Amino acid sequence: PALAPARVCVAGYSMGGGSVYRAMYGCMEKIAAAVPMAGMHPDMAYFSTPEQDAAMAAIGFPVMELTSTFDLGFDRAANRLNDNTMGVYRKYAAINGLELPEEYDLEAYPYFGLPYDEFSVTTLMGEFRTFKWLANNADGIPVMGMSCTENLSHSLYPLYSELAWDFFKDFS
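Now for a quick tour of the structure. All values reported here derive from a predicted model rather than from experimental measurement.

### Digging into the environment of Thr-149
For Thr-149, the location among the structural elements is in strand S8 (residues 142-149). With 28 residues separating them along the chain, Thr-149 and Val-121 place their C-alpha atoms 9.4 Å apart. Other than its neighbours up to four places away in sequence, Thr-149 contacts Thr-67, Ser-68, Thr-69, Leu-124, Phe-128, Arg-129, Thr-130, Tyr-160 and Leu-163.

### Quick look at the packing of helix H1 (residues 15-26) against helix H3 (residues 83-95)
Remark: H1 packs on H3, axes separated minimally by 14 Å, with the N-to-C direction vectors making an angle of 20 degrees. As summarised for this structure, H1 and H3 are arranged roughly parallel, according to the angle between their axes. Crossing angle aside, the handedness with which H1 passes H3 is left-handed. Facing Tyr-21, Met-24 and Tyr-25 of H1, the residues of H3 in contact are Val-88, Lys-91, Tyr-92 and Ile-95.

### Quick word on the packing of aromatic side chains
For the structure on display, the rule yields ten aromatic pairs. Aromatic side chains Tyr-21 and Tyr-92 sit 6.0 Å apart centroid to centroid with 15 degrees between the ring planes, which places their arrangement in the stacked category. Highlighted residues: Tyr-21 in helix H1 and Tyr-92 in helix H3, separated in sequence by 71 residues. You'll find Tyr-21 and Tyr-92 in the same group, each marked buried. An angle of 85 degrees between the planes, with centres 5.2 Å apart, marks the rings of Phe-74 and Tyr-111 as edge-to-face. On the criterion of sequence distance, the pair formed by Phe-74 in strand S4 (residues 74-75) and Tyr-111 in the loop between H3 and strand S6 (118-124) is long-range, its members being 37 residues apart. Each member of the pair Phe-74 and Tyr-111 is classed as buried. Every member of this aromatic cluster is reached through a ring pair, and the members are Phe-74, Tyr-89, Tyr-109, Tyr-111, Phe-112, Tyr-116, Phe-119, Phe-131 and Trp-133.

### A word on the side chain of Lys-132
Tracing the backbone through its elements, the reader meets Lys-132 in strand S7 (residues 128-136). This buried residue, Lys-132, is left without a salt bridge; Asp-166 holds the nearest opposite charge, at 4.2 Å. Beyond its immediate sequence surroundings of up to four residues, Lys-132 is in contact with Met-64, Glu-118, Phe-119, Ser-120, Met-146, Ser-147 and Asp-166.

### Overview of the pairing of strand S1 (residues 9-13)
Sheet topology places S1 next to strand S2 (residues 33-37); five bridges connect them, and they run parallel. The partner of Tyr-13 across the bridge, within S2, is Met-37. Handedness of the crossover is the feature at issue here: the chain leaves S1, passes through H1, returns alongside S2, and the resulting connection is right-handed.

### What to know about the pattern of salt bridges
One pass over the structure, following the stated rule, counts four salt bridges. The partner of Arg-80 in a salt bridge is Asp-83, and the shortest N-O contact between them spans 2.7 Å. Judged by relative accessible area, which is 16%, Arg-80 ranks as buried.

### A word on the sheet that holds S2
Sheet architecture is open: six strands sit in the order S1-S2-S3-S8-S7-S6, paired in mixed fashion. Edge positions in the sheet fall to S1 and S6, since each of these pairs with one other strand and no more. Averaged over neighbouring strand pairs, the angle between their axes works out to 15 degrees when direction is ignored. Pairing analysis gives two bridges linking S2 to strand S3 (residues 63-68), with the strands arranged parallel. If you follow Ala-34 over to S3, its bridge partner there is Val-63. Those strands touched by helix H4 (residues 160-168) are S1, S2, S3, S6, S7 and S8, and its axis lies near 160 degrees from that of S2.

What counts as what
- Residues numbered from 1 in each chain as written.
- Predicted model: local features only at pLDDT ≥ 70, side-chain atom pairs only at ≥ 80, totals over all residues.
- Heavy atoms only, no water.
- Helix = DSSP H or I, 4+ residues; strand = E, 2+ residues; numbered from the N terminus.
- Contact = heavy atoms within 4.5 Å.
- Axes fitted to C-alpha atoms, helices over the stretch in contact; angles between N-to-C directions.
- Parallel < 35°, antiparallel > 145°, perpendicular 65-115°, else oblique.
- Left-handed = near helix turned anticlockwise from the far one by under 90°.
- Phe/Tyr/Trp six-rings, centres within 6.5 Å; stacked < 30°, edge-to-face > 60°.
- Buried < 20%, exposed > 50% of the residue type's maximum accessible area, 1.4 Å probe, protein only.
- Lys, Arg positive; Asp, Glu negative; His and termini not counted.
- Salt bridge = Lys/Arg side-chain N within 4 Å of Asp/Glu carboxyl O.
- Pairing = 2+ DSSP bridges.
- Right-handed = clockwise from strand over helix to strand, strands pointing away.

Spelled out as structure tokens, the structure:
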């Protein structure tokens, strides 16, 4: 039997998070949403073509990125998500038709610097504070997300699965 594209979501962690970008572009018509986890390092990035980006924009493609203050997606000296992570977020926000301001406002939006439609702070395992930002499309459905967990070491990735499922449940 064939896969039901409306029910297939893809996620991966670390190098697998980098591979999620390849999967997104390799079979975008068969995937409902994606969550790359700790895969925003420039060495892991998939550099899509303008034609691929246009094809993805034509269908829309919900993406939520997960990282932590311990991972490569965070600039500890500046106490915010790094430029590469934010560049990836901006790219997929544009693909999903979301307009973002050019300037970051870290005073109003700590760590993230951009406005959002939904925001939450939760605690994983009673220990790791997690910030989650969601941006909705015109129908009110989250199509872009970013999550950053404080001090979660790279080896504690299983905790990310709960965050991914919370995003995926809108698309499966």
